[in-house]
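Remarks on the overall topology
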Amino acid sequence: MTGELTQSVIKRIVRQVGLECAAQGQTLPETLVAFMVKAVVLDPRNDFNMDQIFTENDMQELTQLCVTRLLDTTSPSLSTIKMQVYFDMNYANRDDLLSEQERVLEGKLAPVVRAITEAGLGAQEERENRYQKIVTYVLLRSGLGSPTDIEAVREVTAALQSVFPQTEMITFISLSKKDKEQQLKDLAMLVTGIRLYNKQCQKGGSSIDDLPAFLNEAIPSATQTVDERLNSCQLLAHRYTALLESKQEDPHRYSQHSTFKLKEALFNARQYEGFLRILLSDAITNAREVESLGVQFEATMRVLKNTVQDKTSIESKDVFPLFMELSKLWTGFQDAKLLLSFLTNMTENLQQFSEIQAQLFPEEILTSLLEGVTVKSDEERIKETMGTRVNVSDFKNQEWLFPETTDDFDELLIQYHRFCAHSIGVKGLTLVGNPAIGVLKHKEKCYVFSSKEAAYIFAQDPDKFIQLNVEKAKEYPELIQLLELHHQFEYLVPHAQTRNANKCLTKPPPKRDSGTQTDTHILPPTIVRSYEWNEWELRRKAIKLANLRRKLTHAMQTDLSHMRRENFTQVYLPKDVSTQTKRDNSSNVPKPQIFLKGLRGGSSPTTHMVAVDLTRPLDET
């Protein structure tokens, strides 16, 4: 049966199973139905062969089996699979959760940003309306109040006018779209920092919640809830394990049905424990992050108070970075609150998938079954085997790893979620492995064991026991994700191409309507006015730059080149140039007329000379 035909048949069965379950009042996710169809096909007890063509009877039988298992309200296995599907489709780590939140926020702000950045200069009234939109953007961006809260709007407007008065709107409008968006973000952070400072000084901020105090109280409470539920499910897993071990010692103590249900309940408890450990780790990380943010927030606020004090005017370069830092730290508190809410919801929603245990094995029945049975915790089992370890000399062709001989021993990727590789397939139990006994490295994969005897048995023929574990997972499909065996089942799963490499279950491909719009000119114009495409124009400019008019052009011809090519020279011809350095000019002034009397002498021996000035005055000329 070809892969395409198999895929089409499986899809058809998935649709049919989903319709029949919906007809009986159970609307189930397509992912859950698809996984159950694969689980029923893989179960060797159902005798389905993926290499043969499915007849109509086969498809009807497969459909009926899937519907029966999906509607079985007393099956811990179904509850475990539902738990795995729910966690796989809803859990997100911190980075993914925050990036998704940022994407949603940007989507909500997009219409406001578009209205602010795309409009032209406009009249005075239009600029005032746009300024009010900036106030709305700052409120929505910061998450500190609602645009319908008059007090919050008044605070934001006052803070915004202190750093961005309306007179700067003309300059803002002249910016490019990208610069406008960046300035909007900066303004939102500045205003948020100013409002936080005013709240600390008791000068406003009535709509701002005390997030640090809330988180310091809520996170320990949420962490304690997760920890209590983790301890509870661990105790159940220890009890179920003890009962199943006593069953192997006394096969007639319990019925086959109760043993099968006990194993399903054990796997349910172990899976619930695994998910709670992930949530607890995230909660602890979140608590540490909040503690660090609180210290930084107090230190920044202290520096800001010392900088501002009672000064009437302060340079922006001194306080703006501090306001921005306050805003960033407050955003960290908001992210921590979002993560706390997410973890709380995940914890509450996972609880429903473990309630089946209390229905099948109430406390009274479980207590009666445990009479005379010793219940050991995982820590006690590890402590019992701490003194034993594998003797490497007993194995010639096997590689064993130990803490003192292996770098980054704690970072080794252990198979089967660190459960004993021998007890899964042989006993059907999830016993915690002890790496101190020795870690077997077989075909580049590492395995741990619950005892030295189990390690020796497994090391004799690892491939045999690995296959036993695979067969056990076919009987209990919830083990595929619990033991991280999904990679070994990809060749049997027709929808393997739709599975994410980091996911264990198949998710339906996401589909949604989307649209994009490209701005006409995202970047500012980069026209080079001095560009010339004409080669001759470029030559002309080159000659001009070289200033050849002040140079002499020389030409030479040698004997070797004589009569072989034509040589030309070009010089600039002399130009007729004239200069004027002098000019004639005249002025009308009186001519001096001075007469001397007595130059000829007289009868007297002494000469008496008299000078007579007959020159006309200037005003008479």
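None of these values were measured; they are calculated from a predicted model. (Residues numbered from 1 in each chain as written. Predicted model: local features only at pLDDT ≥ 70, side-chain atom pairs only at ≥ 80, totals over all residues. Heavy atoms only, no water.)

In this section: the overall build of the chain. A tally of regular secondary structure across the chain gives 20 helices and five strands. Going through the 621 residues of the chain one by one, you find that 39% of them count as buried. Long-range contacts, defined as pairs at least 24 residues apart, comprise 71% of the intrachain contacts of the chain with a sequence gap of at least 6. When the accessible surface of the chain is split by element, carbon and sulfur atoms take 51% of a total near 38,400 Å². (Helix = DSSP H or I, 4+ residues; strand = E, 2+ residues; numbered from the N terminus. Buried < 20%, exposed > 50% of the residue type's maximum accessible area, 1.4 Å probe, protein only. Contact = heavy atoms within 4.5 Å. Areas by Shrake-Rupley, 256 points an atom, 1.4 Å probe, with all protein chains shown as cover.)

Here we take up helix 6 (residues 124-142). The terminal C-alpha atoms of helix 6, which comprises 19 residues, lie 27 Å apart, in line with the 27 Å expected from a rise of 1.5 Å per residue. Looking at helix 6, one finds that the buried residues are R127, R130, Y131, I134, V135, Y137, V138, L139 and S142. Buried-residue contacts for helix 6 involve helix 5 (94-117), helix 7 (150-163), helix 8 (169-173), helix 9 (177-200) and helix 12 (316-351). (Expected span 1.5 Å × (residues − 1).)

Turning our eyes to something else, we now look at the environment of G387. By the element assignment, G387 lies in the loop between helix 15 (378-384) and strand 1 (399-401). Each C-alpha atom, one on G387 and one on I437, is 8.2 Å from the other, the two residues being 50 residues apart in sequence.

The subject of this paragraph is helix 20 (residues 535-546). The terminal C-alpha atoms of helix 20 lie 17 Å apart, and with 12 residues this matches the ideal 16 Å at 1.5 Å per residue to within 8%. One side-chain oxygen of the residue at the start of helix 20 lies 3.0 Å from the amide nitrogen of W536, identifying that residue as N534. One or two residues past the end of helix 20 sits N547, with phi positive at roughly 55°. (Polar contact = N/O pair within 3.5 Å; in protein donor to acceptor, adjacent residues only side chain to side chain.)

All right, on to the sheet that holds strand 2 (residues 439-442) then. Ordered by their spatial adjacency, three strands build an open sheet running 1-2-3, and the pairing between neighbours is antiparallel. Of all the strands in the sheet, the pair left with one neighbour each is strand 1 and strand 3 (445-447). When the angles between neighbouring strand axes are averaged without regard to direction, this sheet yields 35°. In the sheet, strand 2 pairs with strand 3 via three bridges, with the strands oriented antiparallel. Bridge assignment links H442 to a residue of strand 3, and that residue is K445. (Pairing = 2+ DSSP bridges. Axes fitted to C-alpha atoms, helices over the stretch in contact; angles between N-to-C directions.)

One finds V17, V37, L62, L70, W400 and F449 to be the most contacted residues of the largest nonpolar core, which totals 71 residues. Residue contributions to this core peak at nine residues, all from helix 2 (residues 30-42). Not counting residues up to four positions away in its chain, the partners in contact with L62 are I13, V37, V40, V41, F48 and F54. I134, L144, I194 and A218 belong to the second-largest nonpolar core, a separate cluster that totals 51 residues. (Core = buried A, V, L, I, M, F, W, Y, C linked by side-chain atoms within 4.5 Å.)

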